[in-house]
Protein chains: 2
Amino acid sequence: MSRWKPDARGRLEKAALELYNHKGFDATTVAEIATRAGLTERTFFRHFADKREVLFPGDSPLAALLADATAAAPVPLPPLAVLAHALAEAAPVFEERANLVRQRQAVIAANPELQERELAKLAALASTLAHALRERGLEATTAALAAEIGIATFKVAFDRWINAPERHTLAQHIRETLDAAGRLTAPDEHAAAPDDVGSTCQERGA
Amino acid sequence: MSRWKPDARGRLEKAALELYNHKGFDATTVAEIATRAGLTERTFFRHFADKREVLFPGDSPLAALLADATAAAPVPLPPLAVLAHALAEAAPVFEERANLVRQRQAVIAANPELQERELAKLAALASTLAHALRERGLEATTAALAAEIGIATFKVAFDRWINAPERHTLAQHIRETLDAAGRLTAPDEHAAAPDDVGSTCQERGA
């Protein structure tokens, strides 16, 4: 943080996230964001089409990164291992800006409309992953299924990381959660949580 | 179909879905729906708060049905088998009105805003399932993960059923797709589509 000199875009993003969290997303104006960042509204609109684009940038590298990493994963891996690889490759996008990511999640969690937008974004990422898996030769339904499960798992891993970042990196949370996903069908381990693999199921012990 | 006498609500729903599909959701007015159904706008608003509620009824029995079926599933089942059971129990809600369900999907597929709403509804169902799994004694993260994967799988199964309803019932698609999900981590079978591998699924949740 100390010597980091934020550019205009970075300053606008920081100011916007602070205001969205303090005042609420709906109550914040572009004028306020610009003032807080020490910049003009005009500068804001050079970087973002509107308030919402601060949270959902059109030029996010995430989709391309996931597609490339899926394509580059070693060939003999099963589908969920391919996705573990791809999602872990994308993890630094979040980890490098953990503070902003956490602020962004808090804003979204407080606003149902933004939540819907976020779900749509995740669905689009699932489509990207499904496409990349088909390119690897996977049959369409299997690719769609693996991609949906990959994103479902990512959501859970991401929440765990947001809530307990000091315990693991996001990449580790992703791998653990995907491992846990693989065990959900196994009758013997079915209540094992990602973290308490040893302590089996309450319900079975009954 | 032959002797089914639609009530006002059913007639309004049918008229609305036809108009949404023919004219588009945004271009359809409540007045047109009422006219087509041979009823008044006033009657429409006795049944639905607005045009969108025809597609997303506030009183859908689905969440309660899933929660109850999750609670009632036999105790020693692994989490995904519990969800296979619950989702298959809910399948008749869709199967009994397959025609309307298919029309509804076409309307939603044509409209990004409605898609976001549908994703939000599915996310809410995932929360319902996660809660029901926790009530069964599952640890919170495992419950969340299983619920997300269950809904992800349901989405894929539902798409398959919508596109090829004559091949299987929705309940069968759900069981097959969940079985396929269980195989996604297996290196030897990773390109197997839900249909390519013999149907090992029937015995499981039966």
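Residues numbered from 1 in each chain as written. Chains lettered and ligands numbered in written order. Predicted model: local features only at pLDDT ≥ 70, side-chain atom pairs only at ≥ 80, totals over all residues. Heavy atoms only, no water.

Re the overall build of chain A
Thinking step 1. The helix and strand tally for chain A stands at ten helices and zero strands.
Thinking step 2. Mapped from its N terminus to its C terminus, chain A presents α and β elements in the order α-α-α-α-α-α-α-α-α-α.
Thinking step 3. In chain A, which comprises 206 residues, the proportion classed as buried is 47%.
Thinking step 4. For chain A, contacts bridging at least 24 residues in sequence account for 57% of all contacts bridging at least 6.
Thinking step 5. Within the structure as shown, chain A displays about 9,900 Å² of accessible surface, and the carbon and sulfur contribution to it stands at 52%. (Helix = DSSP H or I, 4+ residues; strand = E, 2+ residues; numbered from the N terminus. Buried < 20%, exposed > 50% of the residue type's maximum accessible area, 1.4 Å probe, protein only. Contact = heavy atoms within 4.5 Å. Areas by Shrake-Rupley, 256 points an atom, 1.4 Å probe, with all protein chains shown as cover.)

Some remarks on the packing of aromatic side chains
Thinking step 1. Applying the stated criterion to the full structure yields 14 aromatic pairs over all chains.
Thinking step 2. With 4.9 Å between their ring centres and 75° between their planes, Tyr20(A) and Phe25(A) make a pair best called edge-to-face. Pair check on accessibility: Tyr20(A) and Phe25(A) agree, each one buried.
Thinking step 3. An angle of 70° between the planes, with centres 5.3 Å apart, marks the rings of Phe94(B) and Phe158(B) as edge-to-face. Placement of Phe94(B) in helix 6 (residues 79-95) and of Phe158(B) in helix 9 (residues 140-163) is noted, with a sequence separation of 64 residues between them.
Thinking step 4. Here Phe94(B) falls in the buried class, since its relative accessible area comes to 12%.
Thinking step 5. One aromatic cluster in this structure is built from Phe94(A), Phe154(A), Phe158(A) and Trp161(A).
Thinking step 6. For Arg102(A), the ring lying beneath its charged end belongs to Trp161(A), and the centroid distance is 5.6 Å.
Thinking step 7. For Arg104(B), the ring lying beneath its charged end belongs to Phe56(B), and the centroid distance is 5.0 Å. (Phe/Tyr/Trp six-rings, centres within 6.5 Å; stacked < 30°, edge-to-face > 60°. Lys NZ or Arg CZ within 6 Å of the ring centre and 35° of its normal.)

Thoughts on the environment of Leu83(B)
Residue and element names in this part refer to chain B.
Thinking step 1. Of note, Leu83 is situated in helix 6.
Thinking step 2. For Leu83, a relative accessible area of 0% translates into the label buried.
Thinking step 3. Each C-alpha atom of the pair Leu83 and His131 lies 12 Å from the other, and the pair is 48 residues apart in sequence.
Thinking step 4. If sequence neighbours within four positions are ignored, Leu83 has contacts with Thr70, Ala88, Leu129, Leu133, Ala146, Ala147, Gly150 and Leu178.

A word on the environment of Leu100(A)
All names here are of chain A.
Thinking step 1. Along the polypeptide, Leu100 turns up in helix 6 (residues 98-109).
Thinking step 2. The exposure class assigned to Leu100 is buried, which follows from its relative accessible area of 19%.
Thinking step 3. Separated by 87 residues in the primary sequence, Leu100 and Glu13 place their C-alpha atoms 8.5 Å from one another.
Thinking step 4. For Leu100, the contacting residues outside a window of four places in its chain are Glu13, Lys14 and Leu17.

Considering the side chain of Thr177(A)
Thinking step 1. In this structure, Thr177(A) sits in helix 9 (residues 170-183).
Thinking step 2. Residue Thr177(A) is classed as buried on the basis of its relative accessible area, which comes to 0%.
Thinking step 3. Among the polar contacts made by the side chain of Thr177(A), one reaches the main-chain carbonyl oxygen of His173(A) at a distance of 2.6 Å.
Thinking step 4. In contact with Thr177(A), other than residues within four places in its own chain, are Thr153(A), Val156(A), Ala157(A), Arg160(A) and Leu145(B). (Polar contact = N/O pair within 3.5 Å; in protein donor to acceptor, adjacent residues only side chain to side chain.)

Some points on a negative patch on the surface
Thinking step 1. Residues Asp26(A), Glu113(A), Asp26(B) and Glu113(B) make up a contiguous surface patch of negative charge.
Thinking step 2. In this structure, Glu113(B) sits in helix 8 (residues 112-135). (Patch = residues over 30% accessible without salt bridge, like charges linked within 9 Å, V, L, I, M, F, W, Y side chains within 5 Å. Salt bridge = Lys/Arg side-chain N within 4 Å of Asp/Glu carboxyl O. Lys, Arg positive; Asp, Glu negative; His and termini not counted. Charge placed at Lys NZ, Arg CZ, Asp CG, Glu CD.)

Thoughts on the pattern of salt bridges
Thinking step 1. In total, this model carries 17 salt bridges over all chains according to the counting rule given.
Thinking step 2. A salt bridge links Glu13(A) to Arg97(A), with the nearest nitrogen and oxygen atoms 2.7 Å apart. Here Glu13(A), found in helix 1 (residues 8-23), pairs with Arg97(A), found in the loop between helix 5 (79-95) and helix 6; they are 84 residues apart in sequence, far enough to count as distant.
Thinking step 3. Given a relative accessible area of 32%, Arg97(A) falls into the partly exposed group.
Thinking step 4. For Glu116(B), the salt bridge goes to Arg117(A), with nearest N and O atoms at 2.9 Å. Here Glu116(B), found in helix 8, pairs with Arg117(A), found in helix 7 (residues 112-135), and the two come from separate chains.
Thinking step 5. Note on Glu116(B): relative accessible area 16%, which makes it buried.
Thinking step 6. Residue classification places Arg117(A) among the partly exposed positions, given a relative accessible area of 23%.

Some details on the domain arrangement of chain A
All names here are of chain A.
Thinking step 1. You can read the domains of chain A as domain 1 (8-54) and domain 2 (62-182).
Thinking step 2. The C-alpha-based centres of domain 1 and domain 2 are spaced at 27 Å.
Thinking step 3. In this complex, domain 1 contributes nine residues to the contact, which on the side of domain 2 involves nine residues.
Thinking step 4. In total, about 800 Å² of surface goes out of reach between domain 1 and domain 2, with carbon and sulfur atoms giving 59% of it.
Thinking step 5. The largest share of the area that domain 1 buries against domain 2 comes from Leu17, Asn21 and Arg52, three residues that together contribute 54% of it.
Thinking step 6. Summed over the shared surface of domain 1 and domain 2, the result is one salt bridge.
Thinking step 7. Joining domain 1 to domain 2, the criterion identifies two residue pairs in polar contact (both at pLDDT 80 or more).
Thinking step 8. Here the side of domain 1 that touches domain 2 is composed, by residue class, of three nonpolar, one polar and five charged. (Domains from an automatic or database assignment. Buried area = accessible area lost by both parts, 1.4 Å probe. Nonpolar A, V, L, I, M, F, W, Y, C, P; charged D, E, K, R; others polar.)

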